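This is what each chain is made of:
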Amino acid sequence: MTDAALLDAARILDGSPVPTFVIDSSHVIVYWNDALARMSGIPAAEVLGTHHQWRAFYPAHRPVLADLVVDGAPRDLLEKFYRGKYRPTEHCDGGWESEDFFPHFAGEGCWLAFSAAPIRNADGKVVGCVETLQDITERKEAELHRREAERQLSEIVAGSPVATFVIDNHCRVTHWNRACEALTGVMASEMMGKSEIWRAFYPY
């Protein structure tokens, strides 16, 4: 696949609402769509033909996920730049995905999920990479609120002098407080994740 063919393939994404950019095998930006320009505040004219894909995301030069995919996704560099935050893409051989918080986006910052997939020629050689991004701030904030609610519930249940347990929608025990241990003689370690709650109260 020539650079021209790579660019033609990238232009298929022109109308996509998904922020997207494409780099070639030399890490040069060959495509930067309008959705990404709006998200990053960087128009395509400023970055096309450069190695400045990092500018949209980081304050100093460093590889983005697409760069690592073009280079074969070396594990040492994945660990260095995306430690604990990267995983292989399920539906793409050689692709990787990650997510992170970017404080300079959207005024107060936002969470982005990004996925980088290799572009191969007819011989299977990697000739570039397409990276797409998604704003997942609402999902992350919902997760944060859920974790905080769970933390508060745990504190309330644990500190209650009344024997209290909590089950989830599968009837599995998620909380079993000390008062419940004292009343039943059954330790929380024996009940957590179990659905046969009756065993703590009845002999049959």
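Just so it is clear, the structure is predicted and the values come from calculations on it, not from any experiment.

Procedures and definitions
Residues numbered from 1 in each chain as written. Predicted model: local features only at pLDDT ≥ 70, side-chain atom pairs only at ≥ 80, totals over all residues. Heavy atoms only, no water. Helix = DSSP H or I, 4+ residues; strand = E, 2+ residues; numbered from the N terminus. Rg over C-alpha atoms; globule rule 2.2 N^0.38 Å. Contact = heavy atoms within 4.5 Å. Lys, Arg positive; Asp, Glu negative; His and termini not counted. Charge placed at Lys NZ, Arg CZ, Asp CG, Glu CD. Salt bridge = Lys/Arg side-chain N within 4 Å of Asp/Glu carboxyl O. Disulfide = S-S within 2.5 Å. Core = buried A, V, L, I, M, F, W, Y, C linked by side-chain atoms within 4.5 Å. Buried < 20%, exposed > 50% of the residue type's maximum accessible area, 1.4 Å probe, protein only. Pairing = 2+ DSSP bridges. Axes fitted to C-alpha atoms, helices over the stretch in contact; angles between N-to-C directions. 1 Å grid on protein atoms, 1.4 Å probe; cavity = no way out; pocket = protein on both sides within 12 Å on 5 of 7 lines; lining within 4 Å. Points joined across faces, edges and corners; volume = space filled by probe spheres on them. Nonpolar A, V, L, I, M, F, W, Y, C, P; charged D, E, K, R; others polar. Polar contact = N/O pair within 3.5 Å; in protein donor to acceptor, adjacent residues only side chain to side chain.

Asker: Which parts of the structure should I look at to understand the overall build of the protein?
Answerer: The secondary structure content of the protein amounts to eight helices and eight strands. Expected size for 204 residues packed as a compact globule is a radius of gyration near 17 Å; at 25 Å, the protein overshoots this value by more than 25%. For the C-alpha atoms alone, the extent of the protein along its principal axes is close to 75 × 40 × 30 Å. Expressed as a percentage of contacts within the protein between residues at least 6 apart in sequence, the contacts between residues at least 24 apart total 33%. Within the protein, the 29 negative side-chain charges are centred at a point lying 5 Å from the centre of the 20 positive side-chain charges.

Asker: Looking at this structure, I do not really get the pattern of salt bridges. What am I missing?
Answerer: When the charged atoms of two side chains with opposite charge come close together, those side chains can pair. Tallied over the full model, the rule gives nine salt bridges. In the salt-bridge network here, residues are joined through shared partners; they are Arg87, Glu97 and Glu99.

Asker: Any chance you could explain the state of the cysteines here in plain terms?
Answerer: A disulfide bridge is the covalent bond that connects two cysteines by way of their sulfur atoms. Counted under the stated rule, the structure contains zero disulfides. Free cysteine: Cys92, not disulfide-bonded; nearest cysteine sulfur from Cys129 at 8.3 Å. Cys180 supplies the cysteine sulfur nearest to Cys171, a cysteine that is in no disulfide, at a spacing of 16 Å.

Asker: I tried to follow the nonpolar core on my own but got confused; where do I start?
Answerer: Across soluble globular proteins, you tend to see nonpolar side chains buried next to one another. One finds Phe21, Trp32, Phe57, Val64, Leu78 and Tyr82 to be the most contacted residues of the largest nonpolar core, which totals 33 residues. At five residues, the largest contribution of residues to this core is made by helix α4 (residues 65-70). Counting residues in each nonpolar core, the second largest holds eight residues, with Val173, Trp176, Cys180 and Ile197 among its members.

Asker: Looking at this structure, how should I read unusual backbone geometry?
Answerer: Leave glycine aside and you will find that most residues have negative phi; peptide bonds, for their part, are mostly trans. Even without being a glycine, Ala73 presents a positive backbone phi close to 50°. Along the chain, Ala73 turns up in the loop between α4 and α5 (75-82). Unusually for a residue other than glycine, Cys171 sits at a positive phi of about 65°. For Cys171, a relative accessible area of 41% gives the class partly exposed.

Asker: Is there a simple way to think about the sheet that holds strand β5 (residues 110-120) in this case?
Answerer: The strand order across the open sheet formed by six strands is β2-β1-β6-β5-β4-β3, and the pairing between neighbours is antiparallel. The open sheet has two free edges, formed respectively by β2 (29-32) and β3 (86-88), since each of these has just one partner strand. Across the sheet, the axes of successive neighbouring strands diverge by a mean angle of 20°, strand direction being ignored. Sheet contacts for α5: β3, β4 (96-102) and β5; angle to β3, the most-contacted strand, approximately 140°. Each of β4, β5 and β6 (126-135) is contacted by helix α6 (residues 137-159), which is oriented at about 130° to β5, the strand it contacts most.

Asker: Would you explain the layout of surface pockets in this entry?
Answerer: Over the atoms, a rolling probe the size of a water molecule traces out where space has been left empty. Of the voids in this model, the largest pocket is the one considered here, and its volume is about 160 Å³. For the largest pocket, the lining is made up of 13 residues, of which Ala113, Phe114, Thr132, Leu133 and Gln134 are closest to its centre. Residue assignment for the lining of the largest pocket shows that the elements contributing at least two residues are β4, β5 and β6. With four residues, β6 is the largest single contributor of residues to the lining of the largest pocket. A per-class count over the lining of the largest pocket returns six nonpolar, four polar and three charged.

Asker: Sorry if this is basic, but what is going on with the side chain of Thr137 here?
Answerer: Structurally, the position occupied by Thr137 is in helix α6. Within the structure, the side chain of Thr137 is placed 2.9 Å from the backbone nitrogen of Trp111, a separation counted as a polar contact. Reaching out from Thr137, the side chain makes a polar contact with the side chain of Asp135 at a distance of 2.6 Å. Setting aside its immediate chain neighbours within four residues, Thr137 contacts Cys110 and Trp111.

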